[in-house]
Amino acid sequence: MNTSIEFEKELAAKEAVKLLSNGQIVGLGSGSTAGYAIREIGKLVKNGLKIRAIPTSDHTRDLAASLGIPLVDINSVDAIDITIDGADEFDSSLNLIKGGGGALLREKIVASMSTDLIIMADSTKKVEVLGTFKLPIEVIPFASNFVLKQISQLNGTGTVRRAGTTEYVTDEGNYIIDVDFGPINDPSSLAAELNGIAGLVGHGLFVQMAKKVIMGVGSTTRTFDLNP
Ligand SMILES: O=C[C@H](O)[C@H](O)[C@H](O)COP(=O)(O)O
């Protein structure tokens, strides 16, 4: 573990958590950076912060529950006030690649329901052009070979993610295909192409969804706002 990167994640998480206020419904992201935020929220809840949270993965649900953070069923709410989550890459337009931890589908649903999506990142996540990190794509197992072929027609090279000797399976029971598209110069067009593939239930391109990225850098944080 790189301790300076971990410190940047923690700094970003602590800054993001300052945006929460009483009465909010809060989406809780997944991954190591979100983990720092969730532990911080656990402390705030113990000290009286009144929120209800919606987790984006089974792991996040278990962590939040263990810290006493009140959870609410996503299907019992119409909207989410604020979601704080991590990312694998972000560009200067705040487009993201997410899903390195396999939680992209629930993350995108929660983000889509959120008034504000706040991303926390360490300084390695900022890129000029998305695509160094392979784009995670979630597919129903029945469609995995078909989707691999469709992706190759979009000049992507995909590999079904493994977990030891078998396929990695998401919380929704699907497979992940990690795709090398090279530099993604037009995330919006690629997202539209991917959205049209049968059997592909989600992808890690989050185009113009984040309102703010809070990035830890060294011993401080830097904030990037959408259309400042
Ligand atoms: O599926 C995982 C999520 O999209 C994470 O937010 C993303 O992979 C970043 O994870 P980390 O904070 O561990 O770098």
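An account of the accompanying structure is given in this report. Being a predicted model, the structure only gives us computed values, none of them experimental.

1. Describing the sheet that holds strand β15 (residues 220-225)
If you walk across this open sheet you meet the 6 strands as β2-β1-β3-β6-β14-β15, and the pairing is mixed. Looking along the sheet, the strands with just one partner apiece sit at the ends: β2 (52-55) and β15. Sheet twist, expressed as the average angle between the axes of neighbouring strands with direction ignored, equals 20°. Sheet topology note: the strand β14 (residues 212-217)/β15 ladder contains 6 bridges and is antiparallel. When the bridges of β15 are listed, K212 appears paired with D225. The sheet strands contacting helix α2 (residues 32-46) are β1 (25-28), β3 (80-85) and β6 (114-122), and the helix crosses β6 at an angle near 115°.

2. A look at the site of the ligand
Taken together, 16 residues sit near the ligand, with S32, T33, D88, E107 and K125 positioned nearest. Separating an oxygen atom of the ligand from a side-chain N or O atom of S32 is a distance of 2.5 Å. The separation between an oxygen atom of the ligand and a polar side-chain atom of K98 is 2.9 Å. Starting from 370 Å² of accessible surface for the ligand in isolation, the protein chains cover 91%. The residue makeup of the shell around the ligand, split by class, is 2 nonpolar, 9 polar and 5 charged.

3. Topic: the pairing of strand β11 (residues 175-180)
Taking burial as the measure, the 6 residues of β11 include 5 buried ones, the bulk of the element. As judged from the 5 bridges shared by strand β7 (residues 135-139) and β11, these two strands associate in the antiparallel manner. When the sheet's bridge partners are listed, E138 is paired in β11 with I176. The pairing of strand β8 (residues 157-160) with β11 spans 4 bridges and is classified as antiparallel. From the neighbouring strand, T159 faces β11, where its bridge partner is D178.

The rules behind the values
- Residues numbered from 1 in each chain as written.
- Predicted model: local features only at pLDDT ≥ 70, side-chain atom pairs only at ≥ 80, totals over all residues.
- Heavy atoms only, no water.
- Pairing = 2+ DSSP bridges.
- Helix = DSSP H or I, 4+ residues; strand = E, 2+ residues; numbered from the N terminus.
- Axes fitted to C-alpha atoms, helices over the stretch in contact; angles between N-to-C directions.
- Contact = heavy atoms within 4.5 Å.
- Near = heavy atom within 4 Å.
- Polar contact = N/O pair within 3.5 Å; in protein donor to acceptor, adjacent residues only side chain to side chain.
- Areas by Shrake-Rupley, 256 points an atom, 1.4 Å probe, with all protein chains shown as cover.
- Nonpolar A, V, L, I, M, F, W, Y, C, P; charged D, E, K, R; others polar.
- Buried < 20%, exposed > 50% of the residue type's maximum accessible area, 1.4 Å probe, protein only.

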